[in-house]
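Residues per chain are reported as follows:
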Amino acid sequence: MIERVYDVFARKHRGDQLAHIGYVDALDDEMARVYAWKTYDEENWFEMCVIRRSNIIPVNRQDGPFSGSKGEGK
Amino acid sequence: MKELLEIRDLDGTGISALRRLILTLADSKRMMGIRYSDWLLGAPSIEAGIAVSSMAQDEWGHARLLYAMLKDVGLEPLKIEHERPAEEYMSVGALDGAFEHWAGIVAAMTVVDEAISVALLGFSRGRYEAARTRVPKMLAEEEFHASLAKAWYRRIAESSSKARSLLRDSTKGLLPPVLAWLGADDEAAKAMVTAGVTKSSESMTEAYRDRLRDLAALVEVNIDQVQPDSGWDKDRARGPGCPDEDAVERVRGDRNRALLVE
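Within each chain, residues carry numbers counting from 1 in the order of the written sequence. The order in which chains are written sets their letters, starting at A; the order in which ligands are written sets their numbers, starting at 1. Under the rules for a predicted model, residues below a pLDDT of 70 receive no local features and side-chain atom pairs below 80 are neither given nor counted, while totals for whole chains, interfaces and linings still include all residues.

## A word on the overall build of chain B
- Within chain B, the secondary structure is distributed over 9 helices and 0 strands.
- Runs of E in the DSSP output that reach at least two residues are strands. Runs of H or I that reach at least four are helices, and both are numbered from the N terminus. For chain B, the N- to C-terminal ordering of α and β elements is α-α-α-α-α-α-α-α-α.
- Whereas a compact globule of 262 residues would reach a radius of gyration of roughly 18 Å, chain B reaches 18 Å, a difference of no more than 12%.
- Taken over the C-alpha atoms alone, chain B extends approximately 55 × 45 × 35 Å along its principal axes. Within these notes, the globule rule equals 2.2 Å times the number of residues to the 0.38 power, and the radius of gyration is based on C-alpha atoms.

Structure representation (structure tokens):
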């Protein structure tokens, strides 16, 4: 079973901008949802979402935190 | 909205039945929490360990809210939580022992936690005000438990034959005591249905089978053919046996009794 990296974004209040708050390793999207909610539970988030890192497409640089190893790096 | 239940309108049978219903839910929640807590450091990944840690906290929080309802029916929650022997626990028998492997706790997450949620859903839609107001938040938190359970159940079902076999055996072992617990149809259970406090055992069992049918089929378990355990103990609302002593000592906080502050 291969885990993938999912980046976690959240905002505390309606109207706030989504902020990158961390990442989780998970076997699939459903596990990533739960892991993110349970791992980053220090706030009463208004909204949280996860995205598989490999689905993030770098725009202006290839050495950013989300572009390592075809999107699967940490 | 249904007319709310007035506790003073319940007769002796009704009060006993409501005590039993609250206790069986609270004790099952507390034992579910203990079983999750066993895996804080042994889960397959850090994230899975954090998740079961959080789920253990959820279960204990839910149990605490349920025990508090006992005040309405003349029982002191503090004594109930900290002074009963294992033989008096009313938790579902499927949680009596620790789970030896990850497939076992995933099966419990799926088979047992889901059954408790179905029972709580029936309770939350009845006439008892405390259940109507407090249980919906529990059920919202339980949605994450169910999501994780289903995701892991599918993963293990699709993995090696050994893991799949462990999941199948665990599922087969857990279902009979759970079906006996959820399908209880004795006098006290009927009294709660008649009083509008909860749903009928038939409807809850049907809803439960519907929720689990496809998942169980992944490991060749036909949930419609599984029979509930026999040997129902109506006084404890469960089958024979009781939780292991080590777990109950942890539940009661025996080792730190001197520090108990309430």
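Here the narrative resumes.
## Things to note about the overall build of chain A
- Along its length, chain A carries 1 helix and 3 strands.
- The order of helices and strands in chain A, counted from the N terminus, is β-β-α-β.
- Three exposure classes are used, all based on how many other C-beta atoms lie within 10 Å of a residue's own C-beta (placed from the backbone): buried at 20 or more, exposed at 12 or fewer, and partly exposed between those limits. Across the 74 residues in chain A, those meeting the buried criterion constitute 26%.
- Considering only contacts in chain A between residues 6 or more positions apart, those separated by 24 or more positions represent 42%. Distance between backbone-placed C-beta atoms decides contact: two residues are in contact if it is within 7 Å.

## Overview of the sheet that holds strand β2 (residues 19–26) of chain A
Residue and element names in this part refer to chain A.
- Any two strands between which DSSP finds at least two bridges are classified as paired. Strand order in the open sheet formed by 3 strands is β2-β1-β3, with antiparallel pairing between adjacent strands. What marks the edges here is a single partner per strand, and that holds for β2 and β3 (47–52). For this sheet the average axis-to-axis angle between neighbouring strands, irrespective of direction, equals 25°.
- In this analysis, axes come from line fits to C-alpha atoms, helices being fitted only over the stretch in contact, and the angle between any two N-to-C directions falls in the range 0 to 180 degrees. Sheet strands in contact with helix α1 (residues 29–39) are β1 (4–11), β2 and β3, and its direction is about 125° off that of β2.

## Describing helix α4 (residues 102–124) of chain B
Residues and elements named next belong to chain B.
- With 23 residues, α4 extends 31 Å between its outermost C-alpha atoms, agreeing within 8% with the 33 Å of an ideal straight helix rising 1.5 Å per residue.
- The quantity called bend is, for any residue, the angle between two axes fitted respectively to the seven residues ending at it and the seven beginning at it. Taking the largest bend as the criterion, α4 deviates by roughly 30°, centred on methionine 109.
- Across the 23 residues that make up α4, a large majority, 21, are buried. One less than the number of residues in a helix, times 1.5 Å, gives the span that helix is expected to have.

## Things to note about helix α8 (residues 201–217) of chain B
Residue and element names in this part refer to chain B.
- Helix length check: α8 (17 residues) gives 23 Å between terminal C-alpha atoms against 24 Å at 1.5 Å per residue, within 8%.
- The principal kink in α8, of about 35°, is found at arginine 211.
- For α8, every residue scored as buried is listed here: Ser201, Met204, Thr205, Tyr208, Leu212, Leu215 and Ala216.

## So, the packing of helix α1 (residues 12–37) of chain B against helix α9 (residues 245–252) of chain B
Residue and element names in this part refer to chain B.
- Between α1 and α9, whose axes approach to 10 Å, the crossing angle comes to 105°. Between α1 and α9, the angle is such that the two are roughly perpendicular. Across the interface between the two elements, Arg30, Met31 and Ile34 from α1 touch Ala247, Arg250 and Val251 from α9. Roughly parallel covers angles under 35 degrees, roughly antiparallel covers those over 145, roughly perpendicular covers 65 to 115, and oblique covers all other angles.

## Examining unusual backbone geometry
All names here are of chain B.
- Positive phi, normally seen in glycine, also occurs at glutamate 220, with a value near 60°.
- Relative to the elements of secondary structure, glutamate 220 occurs in the loop between α8 and α9.
- Unusually for a residue other than glycine, alanine 237 sits at a positive phi of about 50°.
- Assignment of secondary structure puts alanine 237 in the loop between α8 and α9.
- For alanine 237, a count of 24 C-beta atoms within 10 Å gives the class buried.

## Focus: the interface of chain B and chain A
- With 12 residues of chain B in contact, the opposing surface of chain A contributes 16 residues.
- Contributing elements (two or more residues each) for the side of chain B that touches chain A: α2 (46–68) and α5 (129–157) of chain B.
- No other element matches the 6 residues that α5 of chain B contributes to the side of chain B that touches chain A.

## A look at the pairing of β1 of chain A
Residue and element names in this part refer to chain A.
- As defined by bridge partners, β1 adjoins β2 across 7 bridges and the pair is classed as antiparallel. The residue of β2 that forms the bridge with tyrosine 6 is valine 24.
- Here β1 pairs with β3 via 6 bridges, running antiparallel. Bridging across to β3, valine 8 finds its partner in valine 50.

The values are spatial; any link to function lies outside them.
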